[in-house]
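Reading the structure
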Amino acid sequence: MSAAVIVFPGSNCDRDCKVAVERSTGARVDMVWHQDTTLPEGLDLIVLPGGFSYGDYLRCGAMAAQSPIMQAVKKAADDGVAVVGICNGFQILCEAGMLPGALLRNAGLKYVCKLVSLEVANPNTRFTAGYQDQTEVIMTQGNGDGNFFADAETLARLEGEGQVVFRYVDNPNGSVNSIAGIQNARGNVLGMMPHPDRAFEAELGSADGATLFRSVLDAA
Amino acid sequence: MSASKSMAELAAEYGLSPAEYQVVLDRLGREPNDVELGVFSVMWSEHCSYKSSKVHLGKFPTKGPRVICGPGENAGVIDIDDGDACIFKMESHNHPSYIEPYQGAATGVGGIMRDVFTMGARPVALLNALRFGDPEHEKTRRLVTGVVSGIGGYGNCVGVPTVAGETNFHRGYNGNILVNAMCVGLARADSIFYSAAPGPGLSVVYFGSKTGRDGIHGATMSSAEFDDESESKRPTVQVGDPFAEKLLIEATLELMASGAVAAIQDMGAAGLTSSSVEMAGKGGVGIELDMDAVPQRETGMTAYEMMLSESQERMLAVLKPGREEDGYRIFKKWGLDAAVIGRTTDTGRLVLNHHGKVVCDVPLAPLFDDAPLYDRPWVQPELHPRIDPKDVPAPDSWPDAVLNVVCCPDMASKRWLWEQYDRHVMADTLHDSATGADAGVVRVHGTDKGLAVTSDCTPRYVQNDPYEGGKQCVAEAWRNLTAVGSRPIAITDNLNFGNPQRPEIMGQIVRAIDGMAEACRVLDFPVVSGNVSLYNETNGVAIPPTPTVGAVGLLPNYDVTVGFGGMAEGETLVLIGETRGELGASLYLREVLGREDGAPPPVDLALERKTGDFVRERIEAGALTCVHDLSDGGLIGAAADIALASDCGIELDATSAEHAHILLFAEDQARYLVAVADPSTLIAEAQAAGLHASVVGRARGRDFMSGDLFRIPLDHLREMHEGWMPNLIQG
């Protein structure tokens, strides 16, 4: 089992993701600098971490999506490797065209940090299989631009094809259809605003994030 | 800098008194030029020199078995076992935050983080202590919104959790809010970095953001009173770039790990001036800088502007011989500007070259360790007499009194504010503002240890008796650390007062320091770092004296930590500690009776220690799962917090209506409220330890109530408690 966490300038959950994956799964986790052009061989999981890549000074994730390493990430995804983008990582995946839709300013126009309950909208994904009968999970979120939006046609496709993976029980940011996380059509790229990387041990308030990482690597 | 002004006039404009200017003339043996005058004026500002407070700061105990580095460096360093060290400090950014709340608060957070990582620590927790004016004052909402956005905007982006803090509102801060930010970091005890340049002939490297014209004379502005024209001082406020700070942290820690750093100093107040003077002065060497080499954001900057600029996110380092290339490789990786801008010398002088000319050549000694010091005249503050509780009337309406105290601006939930702060990044947060605990708790990454952190001051106590109030600030911080199960180790102080040239203000400063120092001594709670902010006045009216205490405790095993959100239905509430009925300067007096008089509760420090040691020992033994200290609002305040955090009703024992308000609202110190299944064992143990302990109520149902006095549905209490702040902001 091996995983990689991509480090962009301004990433601030890179270490959190490494520790979360290691402690949840025992996998080896490499840190990969955004200027690199190749990924380690034989990866089962690539994580794009949260933070403020490039200070979020353009649109969130827009500049990181152009980083040299993203070509390799796209190729790995095309080859079927699992990719999880969390928070800023989700924004990067949208900006890179690896997931549909966009993350807008929160409806309340403020950064919101809180525990959130999520409905496992699709339990039959490689990211959620481990939840089995658990229909609701708890994670923490912290973002100013977590308000997911997609046009009606895209939304219908996401909903129809089971691409909505997580939904907020109590929508904190105005996301359309209360969407908290989506996957691509192939089912190997997940983007989500809440942080499984901050919910991998009970003492942090929830260990539900660990199940997500275990699911991905069990499926690999 | 106008040529038409004499140097003496310019000196006055820069904040030097005529006597101080005369000293400059004496030390130089000639008239300074404008660059030299600028350098002297910022180094001799109150902010940089502590000239009014230094003679009294010496009263603080600063040593202890766990103190690795006390005051005088960028931050204090304590030993937290196993080769780990904790580095922390609190600092004010009051004046800038009043003038430009977003940037003022943001750069306050940035500045205090730099003080901590400059010494080799990775920042792991942020706290802030905020004092705003009357909620109804026309400026309050704008200031609150701006300050909170600034704190969040900076800390969230850098990726350090903001885990605790305090927020007060009082008309005494209408014209001068207080924004005190604290940063706590972790390092290895054998890898602490200091600012003293180790010798002559070494390269001085500048790295980080470019130097611009922002913040010029910020330190001088911070050392002056406000008047109606203060808004026009906006150009002296710095502008922060948290993304640059994040890169700077990573580059600095990487540079340190590479072994290239001989000495390092961030550019904070007074920018390049104070950083170069500190490094050379502490090292006993001289320093020569080439101003043409300084990375500049704007063209045509003068040496004066570069030396006085307070542009943010900049560092100065002395590298070991031949290690410049290591530096450049790391700076390039993180995309930071960097340049060798000078060398250390053996002259003992600060020499600046610009455009081929020497523009400053002054001895370092008078700047560094020979700044003017004042033992300013002071008068004993007027003390409020103790209020006999029997003379304090019971409330006309009990439910109103309870709601007025529990939901008053100082007590109401600050969720609106702390939900805007990332409290979970770094994935080590065990207690934060949301979890219901007397202190924030973060894990020492990768270990079984935890750090507890808190910030405390009760200005209304200090106002009515600076000595007792000073003791209380320290005692409450110690109590808060104890209530989460940690062992209190050391404090940082952030002394906010008015104009020290007024004897009654100086009296507040002297007596508050006396009280704090006494508490630190008895509690074995040394001061390891601090900051003094004076001249917090507008149009001659001083703020309430506000000596904020930031404190750190150690949990050898974080599993034992407790909060006050764990009370379960059916448990019994036990009050540990004695209630004599101290209602002077209490919230009951202020919020129910509209009075702010009376002596604050005295602090019996020996009893404080005995009580706290007992409670901590019980927590460590696993006997307590829900603990809250008693402070603002007394028993009612603590019980309401527990009920709300545990989402469970509380029935407080009914007492005679004649005395109930004394027992329930008194703010006697050295008390804790705990919820337990087996009260008799705990009470017996407490009594065996020589402490008062008694049953005061139980966890039951969905109401917050006491006999026939009041019955408030918990949901209503929560609505009022949570609603106050959103209502304030929405207007």
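Here is what the cut-offs are and how they apply
- Residues numbered from 1 in each chain as written.
- Chains lettered and ligands numbered in written order.
- Predicted model: local features only at pLDDT ≥ 70, side-chain atom pairs only at ≥ 80, totals over all residues.
- Helix = DSSP H or I, 4+ residues; strand = E, 2+ residues; numbered from the N terminus.
- Rg over C-alpha atoms; globule rule 2.2 N^0.38 Å.
- Contact = placed C-beta atoms within 7 Å.
- Axes fitted to C-alpha atoms, helices over the stretch in contact; angles between N-to-C directions.
- Parallel < 35°, antiparallel > 145°, perpendicular 65-115°, else oblique.
- Left-handed = near helix turned anticlockwise from the far one by under 90°.
- Nonpolar A, V, L, I, M, F, W, Y, C, P; charged D, E, K, R; others polar.
- UniProt positions renumbered as here; feature names shortened; annotations may be inferred.
- Buried ≥ 20, exposed ≤ 12 C-beta atoms within 10 Å, placed from the backbone.
- Domains from an automatic or database assignment.
- Core = buried A, V, L, I, M, F, W, Y, C linked by C-beta atoms within 7 Å.
- Pairing = 2+ DSSP bridges.
- Expected span 1.5 Å × (residues − 1).
- Arc of directions from axis to C-beta.

With respect to the overall build of chain A
Assigned secondary structure in chain A consists of five helices and 11 strands. In summary, chain A has a C-alpha radius of gyration of 15 Å against a globular reference of 17 Å for 220 residues, a match within 12%. Its C-alpha atoms give chain A principal-axis dimensions of about 40 × 40 × 35 Å. Taking the contacts inside chain A whose residues are at least 6 apart along the sequence as the reference set, 76% of them involve residues at least 24 apart.

Brief notes about the packing of helix α18 (residues 466-483) of chain B against helix α19 (residues 503-522) of chain B
All names here are of chain B. At their nearest, the axes of α18 and α19 sit 7 Å apart, and the two run at 40° to each other. Considering their axes alone, α18 and α19 lie oblique with respect to each other. Note that α18 runs across α19; the crossing there is right-handed. Here Pro466, Tyr467, Glu468, Gly469, Gly470, Lys471, Cys473, Val474 and Ala475 of α18 come into contact with α19, specifically with Gln508, Arg511, Ala512, Ile513, Asp514, Gly515, Met516, Glu518, Ala519 and Cys520. Its residues placed into classes, the contact of α18 with α19 shows 10 nonpolar, four polar and five charged.

Quick word on the packing of α18 of chain B against helix α21 (residues 605-620) of chain B
When two helices pack together, their arrangement is captured by the angle between the axes and the distance separating the axes. Residues and elements named next belong to chain B. Look at α18 against α21: their axes get within 10 Å of each other, and the N-to-C directions meet at 10°. As judged from the angle between their axes, α18 and α21 are roughly parallel. Across the interface between the two elements, Lys471, Ala475, Trp478, Arg479 and Thr482 of α18 pack against Leu605, Glu608, Gly612, Val615 and Arg616 of α21. Its residues assigned to classes, the contact of α18 with α21 shows four nonpolar, two polar and four charged.

A short note on the UniProt feature "active site" (unreviewed entry) in chain A
All names here are of chain A. Here, UniProt's "active site" (unreviewed entry) annotation points to Cys87 and His195. Spanning 109 residues, the annotated positions come together in the fold, the maximum distance between their C-alpha atoms being 7.0 Å. Position of Cys87 relative to the elements: it lies in the loop between β4 (82-86) and α3 (88-95). Cys87 sits in the buried class, given 30 other C-beta atoms within 10 Å. For Cys87, the residues in contact, after removing those within four places along its chain, are Cys13, Gly50, Asn143, Met193 and His195. Secondary-structure assignment places His195 in the loop between β11 (189-192) and α5 (208-219). When near neighbours in sequence (up to four residues on either side) are disregarded, His195 contacts Cys13, Gly50, Ile86, Cys87, Met139, Thr140, Gln141 and Gly209.

Section: the domain arrangement of chain B
Residues and elements named next belong to chain B. Per the domain assignment, the segments making up chain B are domain 1 (1-62) and domain 2 (200-345). Taken residue by residue, the interface counts 14 residues in domain 1 and 14 residues in domain 2. Of all the secondary-structure elements, those providing two or more residues to the side of domain 1 that touches domain 2 are α3 (34-43) and α4 (46-49). Examining the composition of the side of domain 1 that touches domain 2, we find that seven residues originate from one element, α3, more than from any other. Classifying every residue of the side of domain 1 that touches domain 2 gives seven nonpolar, five polar and two charged.

Comments concerning the interface of chain A and chain B
With 23 residues of chain A at the interface, the matching set in chain B holds 21 residues. At the level of elements, α1 (14-25), β6 (112-120) and β7 (136-143) of chain A are the ones that each hand at least two residues to the side of chain A that touches chain B. Here the residues of the side of chain A that touches chain B are counted per class, giving 11 nonpolar, six polar and six charged.

Examining the nonpolar core
Residues and elements named next belong to chain B. One finds Val474 and Ala639 to be the most contacted residues of the largest nonpolar core, which totals 317 residues. For this core, the leading source of residues is α19, giving 10 residues. Looking at which domains feed residues into this core, each of domain 1 (1-62) and domain 2 (200-345) gives three or more. Not counting chain neighbours up to four residues away, the residues in contact with Ala639 comprise Leu573, Ile650, Leu652, Leu673 and Gly697.

Some thoughts on the sheet that holds strand β14 (residues 429-431) of chain B
Residue and element names in this part refer to chain B. The six strands lie next to each other as β14-β15-β16-β21-β17-β18, forming an open sheet whose pairing is mixed. Of all strands in the sheet, those bounded by a partner on one side alone are β14 and β18 (527-533). The sheet shows a mean angle of 20° between the axes of neighbouring strands, direction not considered. Lying over the sheet, α18 contacts β16 (450-456), β17 (487-496) and β21 (546-555), oriented at roughly 25° with respect to β21. Sheet contacts for α19: β17, β18 and β21; angle to β17, the most-contacted strand, approximately 175°.

Points about α21 of chain B
All names here are of chain B. Relative to the 22 Å expected for 16 residues at 1.5 Å per residue, α21 spans 22 Å between its end C-alpha atoms, a close match to the ideal helical length. Every buried residue belonging to α21 is among Leu605, Glu608, Arg609, Thr611, Gly612, Phe614, Val615, Arg616, Arg618 and Ile619, and all of these are buried. At the exit of α21 stands Gly622, carrying a positive phi of roughly 80°.

Some words on the UniProt feature "binding site: Mg(2+) 2" (unreviewed entry) in chain B
Residue and element names in this part refer to chain B. Residues given the UniProt feature "binding site: Mg(2+) 2" (unreviewed entry) here are Asp115 and Asp266. Across 152 residues, the annotated set stays spatially compact, with a maximum C-alpha separation of 6.7 Å. In this fold, Asp115 is placed in helix α7 (residues 101-117). Setting aside residues up to four positions removed in sequence, Asp115 forms contacts with Asn74, Ala75, Lys89, Glu91, Cys183, Asp266 and Gly268. Looking at the secondary structure, you find Asp266 in strand β8 (residues 261-266). With residues up to four places along the chain from it excluded, the contact list for Asp266 reads Asn74, Arg114, Asp115, Thr118, Ser275 and Met315.

Things to note about the sheet that holds strand β26 (residues 693-699) of chain B
Residue and element names in this part refer to chain B. Strand order in the open sheet made by the seven strands is β23-β25-β22-β26-β24-β27-β28, with mixed pairing throughout. Strands with a single pairing partner mark the edges of an open sheet, and in this sheet they are β23 (627-629) and β28 (710-713). In this sheet, adjacent strand axes meet at a mean angle of 20° when their direction is disregarded. Where strand β24 (residues 650-652) lies against β26, three bridges are found, and the strand directions are antiparallel. Paired with Glu651 across the two strands is Arg698, which belongs to β26. Against the sheet, helix α22 (residues 634-646) touches β22 (572-576), β23, β24, β25 (672-676), β26 and β27 (703-706), its axis set at about 40° to β25.

A word on the UniProt feature "binding site: substrate" (unreviewed entry) in chain B
All names here are of chain B. UniProt's entry tags Ser92, His93, Asn94, His95, Arg114, Gln238, Glu310, Ser311, Gln312 and Ser533 with the feature "binding site: substrate" (unreviewed entry), counted in the numbering of this structure. Relative to the helices and strands, Gln238 resides in the loop between α9 (218-221) and α10 (242-257). Residue position: Glu310 is located in the loop between α12 (303-308) and β10 (314-319). On the basis of neighbour counts, which here come to 30 C-beta atoms within 10 Å, the residue Glu310 falls in the buried class.

Some details on helix α2 (residues 69-78) of chain A
All names here are of chain A. Three or more residues of α2 are buried, namely Ile69, Met70 and Val73. Projected onto a plane normal to the axis of α2, the buried residues spread over an arc of 95° and lie on a single side. Among the exposed residues of α2, those oriented more than 90 degrees off its buried face are Lys75 and Asp78. Looking at the buried residues of α2, the elements they touch are β1 (2-7), β2 (28-33), β3 (45-48) and β4.

What to know about unusual backbone geometry
Residue and element names in this part refer to chain A. Here the phi dihedral of Ser178 falls at roughly 55°; this positive angle occurs in a residue that is not glycine. Mapped onto the elements of the fold, Ser178 is located in the loop between β9 (164-168) and β10 (179-183). Residue Ser178 is classed as partly exposed on the basis of its C-beta count, with 19 C-beta atoms lying within 10 Å.

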